[in-house]
Amino acid sequence: PVYFENTAYGYSVISFDKPQSHSEGYRIWLRCVMRGLEYFRRQEQLRTTNAKLEANLIREPITGFYNYKGFQAQAEEILTGHKSGSGASKHYTGVIAIDIKNLSGINNEHGRGAGDSAIIKLADIIRKVAKDESVFSLGNGEYFIVLELMSKNDNTPENFIASIKELLENHNAG
């Protein structure tokens, strides 16, 4: 078997015309191949771990929305593209801030789990109303910011807010 530590990578098969053992050169070559394969496996594992860590640096764990740093980077990218003329005459930028009233009171009275549930529910509602290319942020654990390119005819900030209010009222009524 071709292995390194506890990982098997496959098998090496050679044939001889007459009975003999592997040469020292072959054993060294095989050892180098095994170490090389292990090196590639560890590098891939390291790349995956680093990608997860980088994602955690710009996203907050409860909703998966961007944190302040991630929101800034994404908003800058969208606004730069918007200014450069990619549909600037057809769209305008809408920024909507949504505050969760008395979230600290919910946390104090019902526990952090209830507060987290309120945050998650509002995040789900925002996802339903917003477009796919919108950028979301949860700031300070109490307010959301949504940046969206809106067309003049399609989705105004007032319609966006009305849709969120309607979904919240339906949720609170049920």
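Criteria and thresholds
Residues numbered from 1 in each chain as written. Predicted model: local features only at pLDDT ≥ 70, side-chain atom pairs only at ≥ 80, totals over all residues. Heavy atoms only, no water. Buried < 20%, exposed > 50% of the residue type's maximum accessible area, 1.4 Å probe, protein only. Helix = DSSP H or I, 4+ residues; strand = E, 2+ residues; numbered from the N terminus. Contact = heavy atoms within 4.5 Å. Salt bridge = Lys/Arg side-chain N within 4 Å of Asp/Glu carboxyl O.

## Some points on helix α3 (residues 103-110)
And then number 1: Those residues of α3 lying buried are Leu103, Gly105 and Asn107.
And then number 2: For α3, the secondary structure elements touched by its buried residues are α4 (112-129).
And then number 3: The first or second residue beyond α3 is Gly111, which carries a positive phi of 100 degrees.

## Brief notes about the pattern of salt bridges
And then number 1: For the coordinates displayed, the defined rule picks out 5 salt bridges.
And then number 2: Residue Arg27 is joined to Glu24 by a salt bridge in which the shortest nitrogen-to-oxygen separation is 3.2 Å. One end of the pair, Arg27, and the other, Glu24, are both in helix α1 (residues 24-58), 3 residues apart, so they sit about a helical turn from each other.
And then number 3: On the basis of relative accessibility, which here comes to 37%, the residue Arg27 falls in the partly exposed class.
And then number 4: One salt bridge in this structure joins Arg42 and Glu38, with 2.6 Å as the shortest N-O distance. With Arg42 and Glu38 both in helix α1 and 4 residues apart, the pair spans about one turn of that helix.
And then number 5: Given a relative accessible area of 38%, Arg42 falls into the partly exposed group.

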